[in-house]
Amino acid sequence: MSPYHHGNLRTTLLAAAERSLRQHGADQLSLRELAREAGVSHAAPRRHFPDRQSLLDALAEVGFTRLDQELRATLTATGPEFGSRLHAAAAAYLRFATEDAALLELMFTRKHRKEADRIVAAAAAPFGLLHDLIAQGQEEGVLQAGDPQHVGIVLFATLQGIATLINGSLVAPELLDGIVKTAVDQFMRGSRRP
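Residues numbered from 1 in each chain as written. Predicted model: local features only at pLDDT ≥ 70, side-chain atom pairs only at ≥ 80, totals over all residues. Heavy atoms only, no water.

(A) Just the packing of aromatic side chains, in detail. Following the criterion strictly, the structure yields six aromatic pairs and no others. Aromatic rings pair up to connect F64, Y93, F108, F127 and F156 into one cluster. (Phe/Tyr/Trp six-rings, centres within 6.5 Å; stacked < 30°, edge-to-face > 60°.)

Put into structure tokens, the structure is as follows:
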């Protein structure tokens, strides 16, 4: 092994950890194996990740940051009309949830443990976008008034359910786009002001 001289080791380790997570799951992640893949000594990763738990936390944080970036880019590229924005955001979330299923599972698992302040802060950004989107629909009179969080939970539960069906091979991935459109249309109809 070469001595520690890698200029961007943290980023390299996180990218390798994400690949390993996709292929083998969180249980198989090993700092020693990641060091071998990065071509550094087995002790070098400890400069950035003192233990495996800190690596998993960093992966979860990066996942929420990427989810936020993807949702933000989608909403920026979509016009101001609420229905279009909601469809686009739902599709972007489900694309992330089905293409990076192991990462998404890790993100939510790590978020709900003690001392996960950085992960919770990273998660606040994408969920803040979705909260604001629901509030937009309420302000425009498309969705029922009330606590945007309660309305948003129904949408989020629907999206998570769809992701679970796709990731569990209970529904074919090629049906995803049609299912998302149907789910969002039904959500909007069911959430309209009386």
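(B) Expanded view of the nonpolar core. Of all hydrophobic cores here, the largest spans 59 residues; its most connected members are L71, L86, Y93, M107 and F187. Among the elements of the structure, α1 (9–24), α2 (31–38), α3 (52–77), α4 (82–99), α5 (101–111), α6 (117–139), α7 (148–167) and α8 (176–190) are those that each provide at least two residues to this core. (Core = buried A, V, L, I, M, F, W, Y, C linked by side-chain atoms within 4.5 Å. Buried < 20%, exposed > 50% of the residue type's maximum accessible area, 1.4 Å probe, protein only. Helix = DSSP H or I, 4+ residues; strand = E, 2+ residues; numbered from the N terminus.)

(C) Main features of α8. End to end, α8 covers 21 Å across 15 residues, agreeing with the expected 21 Å (1.5 Å per residue, within 8%). Taken together, the buried positions of α8 are L176, V180, A183, V184, F187 and M188. Down the axis of α8, the sector holding all buried residues measures 130°, keeping them to one side. Turned more than 90 degrees from where α8 packs its buried face, R189 and G190 sit exposed. For α8, the secondary structure elements touched by its buried residues are α4, α6 and α7. (Expected span 1.5 Å × (residues − 1). Arc of directions from axis to C-beta. Contact = heavy atoms within 4.5 Å.)

(D) A look at the pattern of salt bridges. Applying the stated criterion to the full structure yields ten salt bridges. Across the pair E18 and R66 runs a salt bridge whose closest N-O atoms are separated by 2.3 Å. Note that E18 is positioned in helix α1 and R66 in helix α3, a separation of 48 residues in sequence. Under the relative-accessibility criterion, E18 is labelled buried at 10%. Between E37 and R19 there is a salt bridge, and its shortest N-O distance comes to 2.7 Å. Taken together, the residues E37 in helix α2 and R19 in helix α1 connect sequence positions 18 residues apart. Taking the relative accessible area as the measure of exposure, E37 reaches 41% and is therefore partly exposed. Residues participating in the shared-partner salt-bridge network are E18, R22, R66 and D100. (Salt bridge = Lys/Arg side-chain N within 4 Å of Asp/Glu carboxyl O.)

(E) Region of the structure containing a negative patch on the surface. Together, E81, D132, E139 and E140 make up a region of like negative charge exposed at the surface. Along the chain, E139 turns up in helix α6. (Patch = residues over 30% accessible without salt bridge, like charges linked within 9 Å, V, L, I, M, F, W, Y side chains within 5 Å. Areas by Shrake-Rupley, 256 points an atom, 1.4 Å probe, with all protein chains shown as cover. Lys, Arg positive; Asp, Glu negative; His and termini not counted. Charge placed at Lys NZ, Arg CZ, Asp CG, Glu CD.)

(F) Molecular detail of the side chain of E61. Along the chain, E61 falls in helix α3. Reaching out from E61, the side chain makes a polar contact with the side chain of R118 at a distance of 3.1 Å. Those residues within four positions of E61 in sequence are excluded, and the remaining contacts are R118, I119 and A122. (Polar contact = N/O pair within 3.5 Å; in protein donor to acceptor, adjacent residues only side chain to side chain.)

(G) How the structure looks around the environment of N167. In this fold, N167 is placed in helix α7. Relative accessible area serves as the criterion here: at 36%, N167 is assigned to the partly exposed category. Here the alpha-carbon distance between N167 and A101, two residues 66 residues apart in the chain, equals 6.8 Å. Ignoring anything within four residues of it in the chain, the contact list for N167 reads A97, T98 and A101.

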